[in-house]
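# Observations on the three-dimensional arrangement
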Amino acid sequence: MTTQPSKWLTAVALAACLLQTQAATSVVVQDSYVGETDGFAGVRVLRQGDPNPAFTVSYVTTINGTAAPGVNFVPQSGALNFAAGEREKQMRIAILNDGVVNFGPSSFSIELKDVTAGVQIEPGDGHASVQIRDSQYRMPFDSRFVSDIRSAVAAQRADGQLLIATADQFGV
């Protein structure tokens, strides 16, 4: 006599297979690009894998770049609470306009840490960079005085004041 597996046993085996193939839950933070006069940087934190567990992840701004806390951004730390099924959260980090000419963007980092409910921080994606574009760096050019400038040099003093720009080739 041939025995056939019961419907209950088949359902249990199917559930076990589904549990084994269900991806674990992880969390990542994405880089952000913002203008100095935008007021804040929106930084996205994303859930990957299993959408079911509710969890909390902590974050902190870190000084890994050229932006100065309290001058270019407001340092902060906090926690984001993900409900079951929630895929994305956004942090708002205050950006300050320092009024100083910076030749190129300044930056700081955000670090994810202390995740609950067995959720993991995706390796390599637990840090994000926030790049702040400077709003003062504009070199006005008045063609009434110089009709063609082939190269120019400008520098910034330690106190942030722009020094005289000099040119080495002129066309008339």
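### Regarding the overall build of the protein
Counting its regular elements, the protein contains 1 helix and 13 strands. Going from the N terminus to the C terminus, the protein shows its helices and strands as α-β-β-β-β-β-β-β-β-β-β-β-β-β. Burial statistics for the protein: of 172 residues in total, 26% are counted as buried. Looking at the protein alone, contacts between residues at least 24 apart form 66% of all its contacts between residues at least 6 apart.

### So, the packing of aromatic side chains
In the structure shown here, the tally under the stated rule is 2 aromatic pairs. With a centroid separation of 4.7 Å and 10° between ring planes, the pair formed by Phe-55 and Phe-82 is classed as stacked. Here Phe-55 is found in strand β4 (residues 55-62), whereas its partner Phe-82 is found in strand β5 (residues 77-82), with 27 residues between them in sequence. This pair shows no difference in class: Phe-55 is buried, exactly as Phe-82 is. Ring centres of Phe-73 and Phe-108 lie 3.9 Å apart, and the angle between their planes is 10°; this geometry places the pair in the stacked category. Here the residue Phe-73 occupies a position in the loop between β4 and β5, and Phe-108 occupies one in strand β7 (residues 106-113), the gap between them amounting to 35 residues. With relative accessibility at 1%, the residue Phe-73 sits in the buried group. Residue Phe-108 is classed as buried on the basis of its relative accessible area, which comes to 1%. A cation sits over an aromatic face here: Arg-92 above Phe-40, 3.5 Å from the ring centre.

### Focus: the sheet that holds strand β1 (residues 26-29)
Working definition: the strands of a sheet are paired by backbone hydrogen bonds and lie parallel or antiparallel to each other. Read across the sheet, 4 strands follow the order β6-β3-β1-β8 without closing on themselves; strand pairing throughout is mixed. The open sheet is flanked by β6 (88-94) and β8 (120-121), the only strands paired with a single partner. Where strand β3 (residues 40-48) and β6 come together, 7 bridges link them in antiparallel fashion. In the sheet register, Val-43 faces β6, and the bridge partner there is Met-91.

### Considerations on the sheet that holds β7
Spatially, β2-β9-β7-β4-β5 is the arrangement adopted by the 5 strands of the open sheet, whose pairing is mixed. Looking at which strands have only one partner, the edges of the open sheet turn out to be β2 (32-35) and β5. Each strand of the sheet is rotated relative to its neighbour by a mean of 25°, with strand direction disregarded. Judged from the 4 bridges that link them, β2 and strand β9 (residues 127-133) form a sheet pairing that is parallel. When the bridges of β9 are listed, Gly-35 appears paired with Arg-133.

Parameters and conventions
Residues numbered from 1 in each chain as written. Predicted model: local features only at pLDDT ≥ 70, side-chain atom pairs only at ≥ 80, totals over all residues. Heavy atoms only, no water. Helix = DSSP H or I, 4+ residues; strand = E, 2+ residues; numbered from the N terminus. Buried < 20%, exposed > 50% of the residue type's maximum accessible area, 1.4 Å probe, protein only. Contact = heavy atoms within 4.5 Å. Phe/Tyr/Trp six-rings, centres within 6.5 Å; stacked < 30°, edge-to-face > 60°. Lys NZ or Arg CZ within 6 Å of the ring centre and 35° of its normal. Pairing = 2+ DSSP bridges. Axes fitted to C-alpha atoms, helices over the stretch in contact; angles between N-to-C directions.

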